[in-house]
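Observations on the model geometry
Now for the letters of each chain:
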Amino acid sequence: MRHYEVTLIVHPDQSSQVTTMIEKYKELITTGGGIVHREEDWGRKHLAYPINKIYKAHYLMMNIECDKDTLDKLNYNFRFNDAILRNLIISRPEAITEPSIMVTEAEKDKVKDQGKEKATAEDSDQN
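Treat the numbers as computed from the prediction; the structure is a model and nothing was measured.

Bringing the sheet that holds strand β3 (residues 54–66) into the picture now. Taken in spatial order, the 4 strands line up as β2-β3-β1-β4 in an open sheet, and their pairing is antiparallel. Edge positions in the sheet fall to β2 (35–51) and β4 (84–92), since each of these pairs with one other strand and no more. If you compare each strand with its neighbour and ignore which way they point, the axes differ by 20° on average. As paired strands, β2 and β3 are joined by 11 bridges and run antiparallel to one another. Looking across to β3, one finds that Asp-41 is bridged to Leu-60. Most of the contacts of helix α1 (residues 18–31) go to β3, to which it runs at about 25°, and overall it touches β1 (2–10), β2, β3 and β4. Packing against the sheet, helix α2 (residues 68–79) makes contact with β1, β3 and β4, and its axis sits at approximately 160° to β4.

With that out of the way, let us pick up the packing of α1 against α2. Remark: α1 packs on α2, axes separated minimally by 9 Å, with the N-to-C direction vectors making an angle of 160°. Considered as vectors, α1 and α2 are oriented roughly antiparallel to each other. Crossing geometry of α1 relative to α2 is assigned as right-handed. In this structure, α1 uses Tyr-25, Leu-28 and Ile-29 to contact α2, whose residues at the interface are Thr-70, Lys-73, Leu-74, Asn-77 and Phe-78. Among the residues forming the contact of α1 with α2, the class breakdown is 5 nonpolar, 2 polar and 1 charged.

Now for the environment of Asp-69. Topologically, Asp-69 is positioned in helix α2. For Asp-69, a relative accessible area of 54% puts it in the exposed group. For the pair Asp-69 and Gly-32, spaced 37 residues apart in sequence, the C-alpha to C-alpha distance is 8.1 Å.

As a further point, take the pattern of salt bridges. Applying the stated criterion to the full structure yields 5 salt bridges. A salt bridge links Glu-23 to Lys-26; the nearest nitrogen and oxygen atoms lie 3.7 Å apart. With Glu-23 and Lys-26 both in helix α1 and 3 residues apart, this pair spans about one turn of that helix. On the basis of relative accessible area, Lys-26 is assigned to the partly exposed category, the value being 21%. With its nearest N and O atoms 3.7 Å apart, the salt bridge here joins Arg-38 to Glu-40. Taking the relative accessible area as the measure of exposure, Glu-40 reaches 8% and is therefore buried. Here the salt bridges share partners, and the residues they tie into one network are Glu-5, Arg-38 and Glu-40.

Basis of the calculations
Residues numbered from 1 in each chain as written. Predicted model: local features only at pLDDT ≥ 70, side-chain atom pairs only at ≥ 80, totals over all residues. Heavy atoms only, no water. Pairing = 2+ DSSP bridges. Helix = DSSP H or I, 4+ residues; strand = E, 2+ residues; numbered from the N terminus. Axes fitted to C-alpha atoms, helices over the stretch in contact; angles between N-to-C directions. Contact = heavy atoms within 4.5 Å. Parallel < 35°, antiparallel > 145°, perpendicular 65-115°, else oblique. Left-handed = near helix turned anticlockwise from the far one by under 90°. Nonpolar A, V, L, I, M, F, W, Y, C, P; charged D, E, K, R; others polar. Buried < 20%, exposed > 50% of the residue type's maximum accessible area, 1.4 Å probe, protein only. Salt bridge = Lys/Arg side-chain N within 4 Å of Asp/Glu carboxyl O.

Right, dumping it as structure tokens:
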């Protein structure tokens with residue numbers, strides 16, 4: 001079996017359906033004998049250019065290991081799912097399990113925001 005990185009851009013109106021969508025694709029992969037090594041929900045982000053007059057979309061990324069038949073089924077499902085605006089499947093030489101840059105940057109931003117909130121709360125307590 002080969003390793004792949006799958007990135008999906010989902011219509012923003014379908015953001016509430018993202019978890020069920022991911023579960024459906026994970027089930028398809030595992031029933032075909034594959035493994036999901038990593039899955040990340042990057043949330044809503046601005047698109048580099050509008051797609052069908054849509055300026056923001058929901059981003060998802062998975063690192064999987066599967067055979068060609070399972071990959072073809074996934075690609076078929078992506079093509080005929082109206083909620084998926086774009087998809088990208090990249091073949092990888094090995095499984096990637098550590099968090100991506102997108103997730104680590106988001107965590108750094110959360111820590112910075114918490115630090116700022118804590119500092120403002122301490123300042124207001126002193127006054």
